[in-house]
Amino acid sequence: MKIICEKGFYKFYPSSLADIRRFFDKYGTRLVQCEDFYTFEALASLPKYSILGQPYAGLIATKTCSGSREEVMAKNLLTYNQSTKLVGPIALIAGKMDYSYSNYFVMSNLPQAFFYDNFGIITGFYGWANLDYMKFNIDQFNYY
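Everything quoted here is computed from the prediction, not taken from an experiment.

Draft legend 1. Spatial organisation of the packing of aromatic side chains. Tallied over the full model, the rule gives 13 aromatic pairs. Judged by centre distance (5.6 Å) and plane angle (45°), the rings of Tyr27 and Phe136 are tilted. Taken together, the positions of Tyr27 in helix α1 (residues 17-27) and Phe136 in strand β15 (residues 135-143) put the pair 109 residues apart, joining distant regions of the chain. Positioned above the aromatic ring of Phe37 is the side chain of Lys11, whose terminal nitrogen or guanidinium carbon lies 5.2 Å from the ring centre.

Structure representation (structure tokens):
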């Protein structure tokens, strides 16, 4: 299953619907359809705009803006938090990425956007989930 994370917004592109079920069975997190991809429930319902001082993702928007969901989240300094399964402030995300490297990065857990590694703060990534081995193979990390 292909995975793209841009600015803390996760998109999953399964090769079959069985991938969605296998992901849920392993991680206990539902993925729901949103446009031409699947994503976490907390992300699927986000509007493509925010208004300063108005509710956005259960928080108060800090910017008035419109665009893609990931752009609106980024402008409001928000990301999906895998621990809480909610959208939250980037400032509350702290951690170091743990991975091994061969021709790509191999991880046991889905990477958390805005963790850091030896190269900087990771804003997103491109990769795929190997659901046979329950590993995440990451081709590329994106940084600030």
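Draft legend 2. Main features of the pattern of salt bridges. Taken as a whole, this structure holds eight salt bridges when the rule is applied. For Arg22, the salt bridge goes to Asp132, with nearest N and O atoms at 2.8 Å. Of this pair, Arg22 sits in helix α1 while Asp132 sits in the loop between β14 (120-130) and β15; the two residues are 110 residues apart in sequence, bridging distant segments of the chain. A salt bridge links Glu35 to Lys48; the nearest nitrogen and oxygen atoms lie 2.9 Å apart. One end of the pair, Glu35, is in the loop between β3 (31-34) and β4 (37-40); the other, Lys48, is in the loop between α2 (41-44) and β5 (49-50), and 13 residues separate them in sequence. Residue Glu35 is classed as partly exposed on the basis of its relative accessible area, which comes to 47%. Because the salt bridges share partners, they merge into one network encompassing Glu6, Lys11 and Glu70.

Draft legend 3. Fine view of the environment of Ala57. Secondary-structure assignment places Ala57 in the loop between β6 (55-56) and β7 (59-60). Residues Ala57 and Val87, spaced 30 residues apart in sequence, show a C-alpha to C-alpha distance of 6.2 Å.

Draft legend 4. Structural context of the pairing of strand β10 (residues 86-89). As paired strands, strand β9 (residues 78-81) and β10 are joined by four bridges and run antiparallel to one another. Looking at the pairing, Asn81 lines up with Leu86 of β10. Between the antiparallel neighbours β9 and β10 lie four residues, among them Lys85 with a positive phi of about 60°.

Draft legend 5. Summary view of a nonpolar patch on the surface. Together, Tyr116, Ile121 and Tyr144 make up an exposed nonpolar region whose accessible area comes to about 350 Å². Inspection of the secondary structure puts Tyr116 in strand β13 (residues 116-117). By relative accessible area, Tyr116 is classed as partly exposed at 40%.

Criteria and thresholds
- Residues numbered from 1 in each chain as written.
- Predicted model: local features only at pLDDT ≥ 70, side-chain atom pairs only at ≥ 80, totals over all residues.
- Heavy atoms only, no water.
- Phe/Tyr/Trp six-rings, centres within 6.5 Å; stacked < 30°, edge-to-face > 60°.
- Helix = DSSP H or I, 4+ residues; strand = E, 2+ residues; numbered from the N terminus.
- Lys NZ or Arg CZ within 6 Å of the ring centre and 35° of its normal.
- Salt bridge = Lys/Arg side-chain N within 4 Å of Asp/Glu carboxyl O.
- Buried < 20%, exposed > 50% of the residue type's maximum accessible area, 1.4 Å probe, protein only.
- Pairing = 2+ DSSP bridges.
- Patch = residues over 30% accessible without salt bridge, like charges linked within 9 Å, V, L, I, M, F, W, Y side chains within 5 Å.
- Areas by Shrake-Rupley, 256 points an atom, 1.4 Å probe, with all protein chains shown as cover.

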